[in-house]
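Topology and contacts: notes
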Amino acid sequence: MMLKRSLAALGLAVLLQAPMQAQDKSAPTYRFSVDLGQVKGDKLQVSLLTPDFDKDEVVYHMPKMVPGTYAVYDFGKFIEDFAAYDKKGKKLDVERVDQNSWKIKKAKKLAKITYLVNDTWDTPKKEDIVFEPAATDIEEGKVFLINTHGFFGYFDGLTKEPYQIQVNKPKEFYGATSLRTVSSTPTSDTYRLANYNDLVDAPMLYSRPDTAMLKVGNAEVLISTYAAGGGQRSRNLAQSIKTILEAQKNYLGGTLPVDKYAFLIYIDNKQNRTGAYGALEHSYSSVYYFPEMPPAMLAEQVRNIAAHEFFHIVTPLNIHSEEIGNFDFSNPKMSKHLWMYEGATEYFAHHVQVNQKLTDLTGFLKEMRDKIIASKQQYNDDLAFTELSLGALDKYEKEYGNVYQKGALLNMALDIRLRELSGGKYGLRNLMKDLSRTYGKDVSFKDEELFDKIASLTYPEIRDFFRKYVEGNEPLPYAELFQKVGVTYQPSGVQKRISLGKPTLGYDQPSGHIIVASTENLTAFGKQLGYKVGDQLWQINGEDVTLRNATDLINKYVINGKEGEMLTLTVGRKDANGEVKPVKLQAKLVPAEETVSHLLTPDPNATAAQKALQQAWLYSGL
């Protein structure tokens, strides 16, 4: 799961075992059906032909939480008209035990259950809002986002039994999912899964087809898109995604631990309830939610988030604790190893790009520097990471986002330490490969044993690393760490940077424009441009500026611009009559010296040993 950034990616990792990618040959205990052609006011009826019971009462549950969302959603809140029937169609008595549970009386006679699923997309209650990639959307004749945890439940004690799901659909609709059907007709798809864990790990997107296929190493990769505003998007997105997937394949040794993967992408044309966008990834697929944006910007967003999400095919798919492998959907318990599930995944997402030369050392160090700043300024850097993990649902909910900041830095530090101890021959990827061989997707480790196991697979000194920096709250020794690989770390330093000239920017709701709110801190370049308070930022070098693309345009023309290049800003400025008219501001880009924190720079005087370790850390293969 990637946490919120301002108008940024929230990714959520579903920490589950692999879904069945082919037919499960066991006779299904659960036989569900849902008809997408029978919508009742944004609701769908789910039917379940039940197994035989030899007891008087049984309890049916919807999940309180699904692992990886790190939020309690109580999906039972969205269920209506729950009813149970015997073989003759007579109703049985049902008692609603709590938000997520129904007790069925005379269970020995039970033959069928039906209920309505109300989509979460447009729930009227603020407290019931579900982040869109984890949500359900039911729009008759348009789209059905079937996050299976919102549609299908389980009987008490029977989460390990096989499932059959039959989806009846309009003939012009295509069901995009990582699953393979056991039978399919133009109006029906049937899937079988080994257990409930696999079921909630297999989302589906049904709509008119807009798809593309990629072959990446040994894996078939499906890109399926629904765009509320119309248009075909998947082919363009596939080309953007392919670059990072090829890099990840090479980074993982030339093959992938999956043979099929699906990107399910929903592009909305209206304001969403959460105010954020991003992805929910599963073992064999990811669900993406984005607002409408320019094609190049959308492609970049998908690519950047996919760099993180796709790496979850390593962990927790093949490396996970008992809390995840045997997840309790009614009373969830957290594992203490978010440093690995999310931190390692986020670190790999950046390390792969420098390793495969999609970025350079300077770009990689900038990403690590940004994480140091965020971990120290936005979160409690003194909180032990195992404690954060265990309390991520409640006590330390507000600290969760640090798994993508300090969590990645912990893995960077571990990678460097492993390379140092092995003379450059063994790093974090090697460790994850060894852990995958030791456990694998069908074997869970005990939460308390992992650190000792890692030490036994690597070096005794690594146990001290975990004791100090992951279980303990000692600050990471950045200066010492980076010095080992020929990089200088300064808690504060002076750096020349090109900027817009340091106007304080705000947002004017009535006009819908970014505005200059203050000119008090302008640099010489800012003064040369001639900003005035109240200026509306309309264009940068001829491109229209919106709230959504402002950061991208500033990066393109300013941050990544060259000294001496002409910058042209078109602003809207009130004249003497109060009428807003366009005014052009022009000046040549000039860097200014700024005092910055946590400065990372390559050391020009690095020794041969430091350079060799840096080379091994950044560019070694698996």
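Each value, and the rule that gives it
- Residues numbered from 1 in each chain as written.
- Predicted model: local features only at pLDDT ≥ 70, side-chain atom pairs only at ≥ 80, totals over all residues.
- Heavy atoms only, no water.
- Core = buried A, V, L, I, M, F, W, Y, C linked by side-chain atoms within 4.5 Å.
- Buried < 20%, exposed > 50% of the residue type's maximum accessible area, 1.4 Å probe, protein only.
- Contact = heavy atoms within 4.5 Å.
- Helix = DSSP H or I, 4+ residues; strand = E, 2+ residues; numbered from the N terminus.
- Expected span 1.5 Å × (residues − 1).
- Salt bridge = Lys/Arg side-chain N within 4 Å of Asp/Glu carboxyl O.
- Pairing = 2+ DSSP bridges.
- Axes fitted to C-alpha atoms, helices over the stretch in contact; angles between N-to-C directions.
- Parallel < 35°, antiparallel > 145°, perpendicular 65-115°, else oblique.
- Polar contact = N/O pair within 3.5 Å; in protein donor to acceptor, adjacent residues only side chain to side chain.
- Phe/Tyr/Trp six-rings, centres within 6.5 Å; stacked < 30°, edge-to-face > 60°.
- Lys NZ or Arg CZ within 6 Å of the ring centre and 35° of its normal.
- Patch = residues over 30% accessible without salt bridge, like charges linked within 9 Å, V, L, I, M, F, W, Y side chains within 5 Å.
- Areas by Shrake-Rupley, 256 points an atom, 1.4 Å probe, with all protein chains shown as cover.
- Lys, Arg positive; Asp, Glu negative; His and termini not counted.
- Charge placed at Lys NZ, Arg CZ, Asp CG, Glu CD.

1. A few points about the nonpolar core
Formed by 168 residues in total, the largest nonpolar core has its most connected members in Phe 263 and Trp 339. The residues contacting Trp 339, other than those within four sequence positions of it, are Ala 344, Phe 385, Ser 389, Gly 407, Leu 410, Asn 411, Leu 414, Leu 450, Phe 451, Ile 454, Phe 466 and Val 470.

2. Quick notes on helix 8 (residues 406-421)
Along its 16 residues, helix 8 runs 22 Å from first to last C-alpha, staying within 8% of the 22 Å computed at 1.5 Å per residue. Of all 16 residues that make up helix 8, 13 are buried, and the element is covered over most of its length. Looking one or two residues past helix 8, Gly 423 carries a phi angle of roughly 65 degrees, positive in sign.

3. A word on the pattern of salt bridges
Enumeration according to the criterion identifies 28 salt bridges in this entry. For Arg 208, the salt bridge identified is with Glu 172, shortest N-O distance 3.5 Å. Residue Arg 208 is located in the loop between strand 17 (204-207) and strand 18 (211-216), and its partner Glu 172 is located in the loop between strand 13 (163-168) and strand 14 (174-176); the two are separated by 36 residues in the primary sequence. Residue class for Glu 172 comes out partly exposed when judged on its relative accessible area of 38%. Here Asp 464 and Arg 467 are joined by a salt bridge, their closest N and O atoms 2.8 Å apart. In this pair, Asp 464 and Arg 467 are both assigned in helix 11 (residues 460-469), three residues apart and thus about one turn of the helix distant. With a relative accessible area of 39%, Asp 464 lands in the partly exposed category.

4. Things to note about the sheet that holds strand 5 (residues 79-86)
Spatial strand order, 6-5-9-3-2-13-16-15: eight strands in an open sheet with mixed pairing. Lying at the two open borders of the sheet, with one neighbouring strand each, are strand 6 (91-92) and strand 15 (183-185).

5. Remarks on the pairing of strand 2 (residues 30-39)
Pairing geometry for strand 2 and strand 13, over six bridges, is parallel. From the neighbouring strand, Tyr 30 faces strand 13, where its bridge partner is Tyr 163. Relative to strand 3 (residues 43-49), strand 2 is paired through five bridges, and the arrangement is antiparallel. Looking across to strand 3, one finds that Phe 32 is bridged to Leu 48. Hairpin connection, strand 2 to strand 3: the antiparallel pair is bridged by three residues, and Gly 41 has positive phi, about 60 degrees.

6. Examining the packing of helix 2 (residues 234-251) against helix 5 (residues 338-355)
Taken N-terminus to C-terminus, the directions of helix 2 and helix 5 make an angle of 90 degrees; their axes are 10 Å apart at the nearest point. Considering their axes alone, helix 2 and helix 5 lie roughly perpendicular with respect to each other. Contacts between helix 2 and helix 5 involve Ile 244, Ala 247, Gln 248 and Tyr 251 from the first element and Phe 348, His 351, Val 352, Gln 353 and Asn 355 from the second.

7. Let's talk about the side chain of Thr 225
Within the element layout of this structure, Thr 225 appears in strand 19 (residues 219-227). Overall, Thr 225 belongs to the buried group, its relative accessible area being 1%. Within polar-contact distance, the side chain of Thr 225 engages the side chain of Ser 234 at 2.8 Å. Apart from residues lying up to four places away in sequence, Thr 225 is in contact with Ser 207, Asp 210, Arg 233, Ser 234, Leu 237, Ile 265 and Ile 267.

8. What to know about the sheet that holds strand 12 (residues 154-155)
If you walk across this open sheet you meet the four strands as 7-8-4-12, and the pairing is antiparallel. Lying at the two open borders of the sheet, with one neighbouring strand each, are strand 7 (94-98) and strand 12. Where strand 4 (residues 57-61) meets strand 8 (residues 101-105), five bridges bridge the pair, whose relative direction is antiparallel. Following the sheet pairing, Val 58 is matched in strand 8 by Ile 104.

9. Looking at the packing of aromatic side chains
This model, assessed by the stated rule, comprises 43 aromatic pairs. Ring centres 5.7 Å apart and planes at 85 degrees place the aromatic pair Phe 465 and Phe 466 in the edge-to-face group. Of the two residues, Phe 465 and Phe 466, both sit in the buried class. Note that Lys 357 overlies the ring of Tyr 619, its terminal NZ or CZ placed 5.4 Å from the centroid. The residue whose ring lies beneath Arg 429 is Tyr 251, and the NZ or CZ to ring-centre distance is 4.1 Å.

10. Points about the side chain of Asp 381
Tracing the backbone through its elements, the reader meets Asp 381 in the loop between helix 6 (361-377) and helix 7 (385-390). Taking relative accessible area as the criterion, Asp 381 reaches 13% and is therefore assigned buried. Within the structure, the side chain of Asp 381 is placed 3.1 Å from the side chain of Lys 376, a separation counted as a polar contact. Every residue in contact with Asp 381, bar those within four places of it in the chain, is listed here: Ser 375, Lys 376, Lys 406 and Pro 475.

11. Side note on the environment of Gly 175
Structurally, Gly 175 is set in strand 14. Remark: the alpha-carbon pair of Gly 175 and Gly 506, spanning 331 residues in sequence, is separated by 43 Å. Ignoring any residue separated from it by four or fewer positions in sequence, one finds Gly 175 in contact with Asp 189, Tyr 191, Leu 205 and Tyr 206.

12. Remarks on a positive patch on the surface
Judged by side-chain charge, Lys 88, Lys 90, Lys 106 and Lys 109 come together as a positively charged surface patch. Within the secondary structure, Lys 90 is located in the loop between strand 5 and strand 6. Lys 90 gets classed as exposed once you look at its relative accessible area, which sits at 58%.

13. With respect to the pairing of strand 11 (residues 143-146)
In summary, the side chains of a regular strand alternate between the two faces of the sheet. What you see with strand 11 is no split at all: Val 143 and Leu 145 on one side and Phe 144 and Ile 146 on the other are buried throughout. Hairpin geometry of strand 10 (residues 137-139) and strand 11 is characterised by an intervening segment of three residues between the two adjacent antiparallel strands and by a positive phi of about 75 degrees at Gly 141. Relative to strand 17, strand 11 runs antiparallel, the two sharing four bridges. Counted as the bridge partner of Val 143 is Ser 207 from strand 17.

14. Observations concerning helix 6
Look at helix 6: 24 Å from first C-alpha to last across 17 residues, which is about the 24 Å you get at 1.5 Å a residue. Those residues of helix 6 that sit buried are Leu 361, Phe 364, Leu 365, Met 368, Arg 369, Lys 371, Ile 372, Ile 373, Ala 374 and Ser 375. Residues of helix 6 that are buried make contact with helix 5, helix 8, helix 12 (478-484), strand 23 (487-497), strand 30 (592-602) and helix 15 (608-619).

15. Observations concerning the environment of Leu 428
Of note, Leu 428 is situated in helix 9 (residues 428-438). You can call Leu 428 buried: its relative accessible area is 0%. In this structure the C-alpha to C-alpha distance between Leu 428 and Thr 386, which are 42 residues apart in sequence, comes to 19 Å. For Leu 428, the residues in contact, after removing those within four places along its chain, are Tyr 347, Phe 348, Asn 411, Leu 414, Asp 415 and Leu 418.

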